[in-house]
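Structural description and commentary
The primary structure of each chain is shown beneath.
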Amino acid sequence: MADNVVIQVRPARAADVPALCAFLNEIIRIGGTTAHEVPFTDESFAAHFLTSPGFVSCYVAEDADGRPCAFQGLERWDGLPDGWVDIGTFARPHAKVRGAGTALFTATKAHAHAAGFLAINATIRADNTSGLAYYGKMGFVDYKVDKAVPLRDGRPMDRISKRYLLGERERL
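For the structure given in this document, a descriptive report is provided here. (Residues numbered from 1 in each chain as written. Predicted model: local features only at pLDDT ≥ 70, side-chain atom pairs only at ≥ 80, totals over all residues. Heavy atoms only, no water.)

Right, let's talk about the overall build of the chain for a bit. A count of helices and strands for the chain gives four helices and seven strands. Seen in sequence order, the chain has helices and strands lined up from the N terminus as β-α-α-β-β-β-α-β-α-β-β. By the compact-globule yardstick of 16 Å for 172 residues, the chain fits well, its C-alpha radius of gyration being 16 Å. Overall, the C-alpha framework of the chain stretches about 45 × 40 × 35 Å when taken along its three principal axes. Per-residue burial over the chain gives 42% buried out of 172 residues. Residue pairs in contact within the chain that sit at least 24 positions apart in sequence constitute 60% of those at least 6 positions apart. Surface accessibility of the chain: about 9,200 Å² in total, with carbon and sulfur atoms responsible for 54%. (Helix = DSSP H or I, 4+ residues; strand = E, 2+ residues; numbered from the N terminus. Rg over C-alpha atoms; globule rule 2.2 N^0.38 Å. Buried < 20%, exposed > 50% of the residue type's maximum accessible area, 1.4 Å probe, protein only. Contact = heavy atoms within 4.5 Å. Areas by Shrake-Rupley, 256 points an atom, 1.4 Å probe, with all protein chains shown as cover.)

Shown next, in the form of structure tokens:
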């Protein structure tokens with residue numbers, strides 16, 4: 001794909017759920033790149049990514065045919081400092097679209113800043129080298145490691161937390 005291709009990014013909608021759920025479940029099946037270990041149904045996907053009490057936003061990137069190829073969600077949860085929001089980014093495992101992650105983060109970051117958040121947290125499994133590289137490329141910096149968090153099968157896995165400080169609020 002040419003470097004000058006513009007990636008279309010828009011808020012996720014209910015009609016996207018089957019496609020997004022299908023490729024997230026494929027990521028879960030493949031393993032190693034998400035903390036999610038249990039497949040979603042369309043209903044549980046929508047409840048988690050679009051309508052949960054902590055929901056902040058969910059953006060979708062489209063491929064050249066207008067089909068979802070990646071998505072990025074923000075949510076609040078009690079384990080984060082005040083003013084922080086958590087991010088999750090997922091791209092379909094096959095036929096990835098170069099630049100989709102950058103385009104998604106541009107929209108997500110703008111939304112988080114406009115909503116008044118201070119920082120974005122990303123917590124990534126230590127074996128997810130592509131996820132660690134992605135968030136590093138977006139400007140996230142390491143601030144915490146949770147050692148040996150057990151996976152469902154009992155294997156210990158470190159979780160690396162990275163933060164992205166937003167705009168003028170960077171001087172905390």
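Mapping Asp-63 onto the fold places it in the loop between β2 (55-62) and β3 (68-75). Taking the relative accessible area as the measure of exposure, Asp-63 reaches 10% and is therefore buried. A polar side-chain atom of Asp-63 sits 2.9 Å from the main-chain amide nitrogen of Asp-65. (Polar contact = N/O pair within 3.5 Å; in protein donor to acceptor, adjacent residues only side chain to side chain.)

Moving on, we get to the pattern of salt bridges. The full count for this structure, using the stated rule, is 10 salt bridges. For the salt bridge of Lys-162 with Asp-142, the shortest nitrogen-to-oxygen distance reads 2.5 Å. Remark: Asp-142 occurs in strand β6 (residues 141-150) and Lys-162 occurs in strand β7 (residues 156-165); sequence separation between them is 20 residues. For Lys-162, a relative accessible area of 9% corresponds to the buried category. (Salt bridge = Lys/Arg side-chain N within 4 Å of Asp/Glu carboxyl O.)

Here the focus is the packing of aromatic side chains. If you walk through the whole model with that rule in mind, you get 14 aromatic pairs. Judged by centre distance (5.4 Å) and plane angle (50°), the rings of Phe-105 and Phe-140 are tilted. Of this pair, Phe-105 sits in helix α3 (residues 100-114) while Phe-140 is found in the loop between α4 (129-137) and β6, placing the two residues 35 residues apart along the sequence. When sorted by exposure, Phe-105 lands in the same class as Phe-140, which is buried. When the centroid spacing of 5.1 Å and the interplanar angle of 85° are considered together, the rings of Phe-105 and Tyr-164 count as edge-to-face. Taken together, the residues span a long stretch of sequence, with Phe-105 in helix α3 and Tyr-164 in strand β7 at a distance of 59 residues. (Phe/Tyr/Trp six-rings, centres within 6.5 Å; stacked < 30°, edge-to-face > 60°.)

Before going further, it helps to spend a moment on the pairing of β7. As paired strands, strand β5 (residues 119-125) and β7 are joined by seven bridges and run antiparallel to one another. Bridge assignment links Ala-122 to a residue of β7, and that residue is Lys-162. In this sheet, β7 lies alongside β6 in antiparallel orientation, the contact comprising seven bridges. Residue pairing in the sheet places Val-149 in a bridge with Met-157 of β7. The loop that links β6 with its antiparallel partner β7 comprises five residues; one of these, Gly-154, has a positive phi angle of about 95°. (Pairing = 2+ DSSP bridges.)

The next subject is helix α1 (residues 17-30). Spacing of three or four residues puts side chains on the same side of an α-helix, whose turn is 3.6 residues. Helix length check: α1 (14 residues) gives 20 Å between terminal C-alpha atoms against 20 Å at 1.5 Å per residue, within 8%. Taken together, the buried positions of α1 are occupied by Val-17, Leu-20, Cys-21, Phe-23, Leu-24, Asn-25, Ile-27 and Ile-28. Those residues of α1 hidden inside the fold are in contact with α2 (42-49), β2, β3 and β4 (84-91). (Expected span 1.5 Å × (residues − 1).)

Honestly, that's just the spatial picture; any functional story needs more than this.
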